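# Coordinate analysis (summary)
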Amino acid sequence: DISVGDAPTVPDAIDPSATATGELGATAESARLEAWIESRVRMVRKIPFGTIGLTALAMLIYAAISMLIEVERTFNRVCNVYAGRSWARRVTQYWTLLTLGTLCLIASFSVGEAATRWVERLAVLDSMGDLRSSVVAWAAFGVTVLISTGLFVIVYTTVPNTRIQFMPALAGALLAAVLWEAGKWGFTLYVHESAELVSLLMQVDI
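Every chain is numbered independently, its residues counted from 1 as its sequence is written. Predicted model: local features are reported for residues with pLDDT of at least 70 only, side-chain atom pairs are reported and counted for 80 or more only, and whole-chain, interface and lining totals are derived from all residues. Hydrogens and water are ignored here; the side-chain numbers use all heavy atoms of the structure.

### Thoughts on the overall build of the protein
Secondary structure follows DSSP: runs of H or I at least 4 residues long count as helices, runs of E at least 2 residues long count as strands, and numbering of each begins at the N terminus. In terms of regular secondary structure, the protein is built from five helices and zero strands. Counting from the amino terminus, the protein carries its helices and strands in the arrangement α-α-α-α-α. Whether a residue is buried, partly exposed or exposed follows from its accessible area with a 1.4 Å probe, protein chains only, as a fraction of its type maximum: under 20%, in between, or over 50%, in that order. Within the span of the protein, comprising 206 residues, buried residues form 18% of the whole. Considering only residue pairs separated by 6 or more positions, the protein has 66% of its internal contacts joining residues 24 or more positions apart. Two residues form a contact once any of their heavy atoms are found within 4.5 Å.

### With respect to the nonpolar core
Taken as a class, soluble globular proteins show a tendency for nonpolar side chains to be buried jointly. Ranked by size, the top nonpolar core spans six residues in total: Val-145, Phe-152, Val-153, Ala-173, Ala-176 and Ala-177. Once you skip the residues sitting within four places of it in the chain, Ala-173 turns out to touch Thr-149, Phe-152, Val-153 and Tyr-156. Nonpolar cores are built from buried Ala, Val, Leu, Ile, Met, Phe, Trp, Tyr and Cys residues. Side-chain atoms within 4.5 Å join them into one set. By size, the runner-up hydrophobic cluster in this structure holds five residues, among which are Leu-97, Cys-104, Val-155 and Val-159.

### What to know about the side chain of Asn-76
Tracing the backbone shows Asn-76 in helix 2 (residues 49-78). The exposure class assigned to Asn-76 is buried, which follows from its relative accessible area of 5%.

### Points about the packing of aromatic side chains
Classification of ring pairs rests on two measures: the distance between centres of Phe, Tyr or Trp rings, Trp counted by its six-membered ring, which must be within 6.5 Å, and the angle between planes, read as stacked under 30 degrees, edge-to-face over 60 and tilted in between. Evaluated as defined, the whole model comprises two aromatic pairs. The structure contains a cluster of three or more aromatic residues connected by ring pairs, namely Phe-75, Phe-152 and Tyr-156.

### Notes on the confidence of the model for the protein
Residue-level confidence of the predictor is summarised by pLDDT, bounded by 0 at the bottom and 100 at the top. For the protein, per-residue confidence averages 75 on the pLDDT scale, and residues scoring 70 or more make up 75% of the total. Helix 1 (residues 16-46) is the least confidently modelled element of the protein, averaging 70 in pLDDT, while helix 5 (residues 166-205) averages 84, the highest of any element.

### Focus: the side chain of Thr-149
Within the secondary structure, Thr-149 is located in helix 4 (residues 129-158). Beyond its immediate chain neighbours, meaning those up to four positions away, Thr-149 contacts Leu-170, Ala-173, Leu-174 and Ala-177.

### Focus on the pattern of salt bridges
Two side chains of opposite charge can pair, provided their charged atoms sit close to one another. Salt bridge, as applied in this entry: a Lys or Arg side-chain nitrogen positioned within 4 Å of an Asp or Glu carboxyl oxygen. Applying the stated criterion across every chain yields a total of two salt bridges. The salt bridge involving Glu-70 is made with Arg-73; its shortest N-O contact spans 3.2 Å. Of the two residues, Glu-70 and Arg-73 are both situated in helix 2; the distance of three residues between them amounts to about one turn of the helix. On the accessibility criterion, Glu-70 (41% relative accessible area) is partly exposed. Glu-181 serves as the salt-bridge partner of Lys-184, at 3.2 Å between the closest nitrogen and oxygen. Here Glu-181 and Lys-184 lie together in helix 5, a separation of three residues that amounts to about one turn.

### Some words on a nonpolar patch on the surface
Taken together, the side chains of Leu-57, Leu-60, Ile-61, Ile-65, Trp-87 and Val-91 define a hydrophobic patch exposed on the protein surface, amounting to about 600 Å² of accessible area. At four residues, helix 2 tops the list of elements feeding residues into the nonpolar patch. Here Trp-87 lies in helix 3 (residues 87-125). With a relative accessible area of 51%, Trp-87 lands in the exposed category. Distance thresholds for patches are 9 Å for like charges and 5 Å for nonpolar side chains (Val, Leu, Ile, Met, Phe, Trp, Tyr), applied to residues having over 30% relative accessible area and no salt bridge. Using the Shrake-Rupley algorithm and a 1.4 Å probe, accessible areas are obtained, with residue cover drawn only from the displayed protein chains.

Here is the structure:
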């Protein structure tokens, strides 16, 4: 005898009206989301971009001045100086550092990029490309180190509110420049190798 409890369980049938209601609800939510995004885009378009540019410029100047103030304060602590400069001297000094620092960084990166292109060109031209590429690469590294050393010397001798001897400043600047340029070189190599690895993995997946 087969009892009622042994009868197989039959799943409930899917209500077509419930499915249609769910799809309509999802469509309504999507429409509301699109309307919200469009309203925000219209709000952004109404913002005067001249005001945004002036605000961004003011914030950039404020951030640069705040950073230089903290740098000067740290250098003064290292040199056991507890009195800062007047604001008139600070403005002149900060403007000079920002200008020279920007020029030195641009020169350093320009030399590095030019050397990289030269090395790649020599490696393609002749069989002695490897030797010449190594010479050019080390020469470019030396030039960038000299540029960075000059920048660090200026910073080490002018930022602290005291007289700094030139030779200790030069030694520290040279060490900092070598480490700085080595870090730049290592980061560039890392990015280059990572890009090649990603390209290789994409080709393998394909």
